[in-house]
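Listed below are the residues making up each chain.
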Amino acid sequence: MKFNTKVIHGGQHHDPSTGAVMPPVYQTSTFVQTSPGKPLADYEYSRASNPTRTALEDALASIENGTRGLAFSSGLAATDCVLRSFKAGDEIIAMDDLYGGTYRMFSRVYKDSGIKFHFVDMTNIEKLKSLINENTKLIWVETPTNPLMKLADIQEIAKITQEKKILLAVDNTFATPYLQKPLDLGADIVMHSATKYLGGHSDVIAGALIVKDEALGEQLHFQQFATGATLGPMDSFLVLRGIKTLALRVQRHCENGEKVVEYLSNHPKIKTVYYPGLKNHPFHEIAKKQMKAFGGMVSFDFKSG
Ligand SMILES: *Cc1c(COP(=O)(O)O)cnc(C)c1O
């Protein structure tokens, strides 16, 4: 199945009880058991799993070329789920430009956890390598970053993490799998704020993790189930519906982004425009290598400050 078909059909099945092509919003906490411990179908309690969420999670796995998708009540809940696997003494290396909420979690929520965070410029591969030691457990990449549109070369970093047996997680919110597929480039975990492009209609807060390795998927599902920041059935339905038009929307976002960039680049009051599609953008070559097009996100500085 090609990507534009996957966004509609990937991982999807008609509803077995009615033949509905979209999953019903299974707005239920609990599922019947025929005797204690013997559920009627595969479902017991919606924190563990819910059929509407399963439909979304299977769609997520399909569009990112993973084996397991997990849907959370926000992007930050998804990130938090990844961090819960680590303990005092572990070290995590992250980009020096990150979504503000991610940075706040790393630097404040996990401040007294004993986990040590390094924030580095990931274009400097030698610097990155020099920070790795036997305690390094995770490299966290956001590419392109919100807000400064910095990029990191996923394939180059994956070579290091695979050799050193470190996990590589990529926040793929800004690129979406339409433009960039981190798992294909060697990453272990893809994270999304599904609130943004995947949802696409400003009507839901949601997050996602997608992995290729089944054991890692099981471990993350345990954390999700045991801590409980799962996505509700209605919100799962909304994200699933959003994904149906992802390819069309992101294509148009790219076209519109280029027009906005052209306008801003020629504007007398604008000092710098940050957009990976610009030939003078410091990460233009990385963008050409790992992204299908340059996306719809643009940032800029005014000359007046
Ligand atoms: C919005 C955003 C997040 C956080 O997601 P929420 O759904 O708001 O919790 C994480 N990363 C990026 C790049 C974002 O834009």
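Residues numbered from 1 in each chain as written. Predicted model: local features only at pLDDT ≥ 70, side-chain atom pairs only at ≥ 80, totals over all residues. Heavy atoms only, no water.

Novice: Please provide a residue-by-residue account of the overall build of the chain, values included.
Specialist: A count of helices and strands for the chain gives eleven helices and eleven strands. For the chain, buried positions account for 50% of its 305 residues. Across the chain, the fraction of contacts at a sequence separation of at least 24, relative to all contacts at a separation of at least 6, is 70%. Looking at the chain as shown, the accessible area adds up to about 14700 Å², and 54% of this sits on carbon and sulfur atoms. Of the charged side chains in the chain, 34 are positive and 32 negative; the average position of the first set lies 4 Å away from that of the second. (Helix = DSSP H or I, 4+ residues; strand = E, 2+ residues; numbered from the N terminus. Buried < 20%, exposed > 50% of the residue type's maximum accessible area, 1.4 Å probe, protein only. Contact = heavy atoms within 4.5 Å. Areas by Shrake-Rupley, 256 points an atom, 1.4 Å probe, with all protein chains shown as cover. Lys, Arg positive; Asp, Glu negative; His and termini not counted. Charge placed at Lys NZ, Arg CZ, Asp CG, Glu CD.)

Novice: Go over the packing of aromatic side chains, please, and point to the residues and values.
Specialist: Aromatic rings in a pair are described by how distant their centres are and how their planes are angled relative to each other. For the structure shown, the criterion picks out seven aromatic pairs. A ring pair is formed by F31 and Y43, whose centres lie 5.5 Å apart and whose planes are at 40°; its orientation type is tilted. Placement of the pair is F31 in the loop between α1 (3-9) and β1 (33-35) and Y43 in the loop between β2 (38-39) and α2 (51-63), with a sequence separation of twelve residues. Residues F31 and Y43 agree in their burial class; the two are buried. Stacked on the ring of Y99, the Lys or Arg K196 has its end atom at 5.0 Å from the ring centre. (Phe/Tyr/Trp six-rings, centres within 6.5 Å; stacked < 30°, edge-to-face > 60°. Lys NZ or Arg CZ within 6 Å of the ring centre and 35° of its normal.)

Novice: Explain the packing of α2 against helix α9 (residues 233-244) to me, using residue names and the numbers behind them.
Specialist: Between two packed helices, what matters for the description is the angle formed by their axes and the separation of those axes. For the pair α2 and α9, the least separation of the axes is 8 Å and the interaxial angle reads 35°. α2 and α9 meet at a crossing whose hand is left-handed. Across the interface between the two elements, T52, R53, A55, L56, A59, L60 and I63 from α2 touch P233, S236, F237, V239, L240 and I243 from α9. In terms of residue class, the contact of α2 with α9 is made up of ten nonpolar, two polar and one charged. (Axes fitted to C-alpha atoms, helices over the stretch in contact; angles between N-to-C directions. Left-handed = near helix turned anticlockwise from the far one by under 90°. Nonpolar A, V, L, I, M, F, W, Y, C, P; charged D, E, K, R; others polar.)

Novice: Break down the domain arrangement of the chain for me, citing the residues and quoting the values.
Specialist: Domain parsing of the chain yields domain 1 (3-243) and domain 2 (246-302). Its C-alpha centre places domain 1 at a distance of 25 Å from the equivalent point of domain 2. Of the roughly 2300 Å² buried at the junction of domain 1 and domain 2 (both faces included), carbon and sulfur atoms supply 65%. It is Y178, L179 and Y197 in domain 1 that bury the most area against domain 2; as a group they hold 34% of the surface buried on that side. At the boundary of domain 1 with domain 2, the tally comes to one salt bridge. With a shortest N-O distance of 2.6 Å, K289 and D153 are connected by a salt bridge. At the level of elements, α1, α6 (154-164), α7 (176-179) and α9 are the ones that each hand at least two residues to the side of domain 1 that touches domain 2. Sorting elements by how many residues they give to the side of domain 1 that touches domain 2 places α7 first, with four residues. (Domains from an automatic or database assignment. Buried area = accessible area lost by both parts, 1.4 Å probe. Salt bridge = Lys/Arg side-chain N within 4 Å of Asp/Glu carboxyl O.)

Novice: Tell me about the site of the ligand, and please be specific about residues and values.
Specialist: Around the ligand, the structure places 14 residues, and the nearest of them are G75, D171, S193, T195 and K196. Between the ligand and S193, the relevant distance is 2.8 Å, taken from an oxygen atom to a side-chain nitrogen or oxygen of the residue. A distance of 2.7 Å separates an oxygen atom of the ligand from a polar atom in the side chain of K196. Taking 380 Å² as the accessible area of the ligand by itself, protein coverage stands at 94%. (Near = heavy atom within 4 Å. Polar contact = N/O pair within 3.5 Å; in protein donor to acceptor, adjacent residues only side chain to side chain.)

Novice: Summarise the layout of surface pockets; cite the residues concerned and give the values.
Specialist: In this structure, the largest pocket spans a volume of roughly 390 Å³. Lining the largest pocket are 19 residues, and of these D15, P16, Y26, Y43 and P51 lie nearest its centre. A per-class count over the lining of the largest pocket returns eleven nonpolar, six polar and two charged. (1 Å grid on protein atoms, 1.4 Å probe; cavity = no way out; pocket = protein on both sides within 12 Å on 5 of 7 lines; lining within 4 Å. Points joined across faces, edges and corners; volume = space filled by probe spheres on them.)

Novice: Got a sec to walk through the pattern of salt bridges? Specific residues and values, please.
Specialist: Applying the stated criterion across every chain, the model contains eleven salt bridges. Residues D96 and K150 are paired through a salt bridge, measuring 3.3 Å at the closest nitrogen-oxygen approach. Pair noted here: D96 is in the loop between β4 (91-95) and α4 (100-109) and K150 is in the loop between β6 (136-142) and α6, with a separation of 54 residues, a long-range link. Accessibility expressed as a relative area gives 38% for D96, which makes it partly exposed. K150 sits in the partly exposed class, given a relative accessible area of 23%. Shared partners join several salt bridges into a network, and the residues in it are K87, D90 and K137.

Novice: How would you sum up the nonpolar core? Please name residues and give values.
Specialist: One finds M122, I139 and L209 to be the most contacted residues of the largest nonpolar core, which totals 45 residues. Ranked by residue count, the leading element in this core is helix α3 (residues 75-83), at five residues. Leaving out residues up to four positions away in the same chain, I139 has contacts with I93, M122, L128, I132, I157, T161, I166, L167, L168 and A169. (Core = buried A, V, L, I, M, F, W, Y, C linked by side-chain atoms within 4.5 Å.)

Novice: I'd like a description of the environment of R53, backed by residues and values.
Specialist: By secondary structure assignment, the location of R53 is in helix α2. When the C-alpha atoms of R53 and A71 are compared, they prove to be 6.9 Å apart, with 18 residues separating the residues in sequence.

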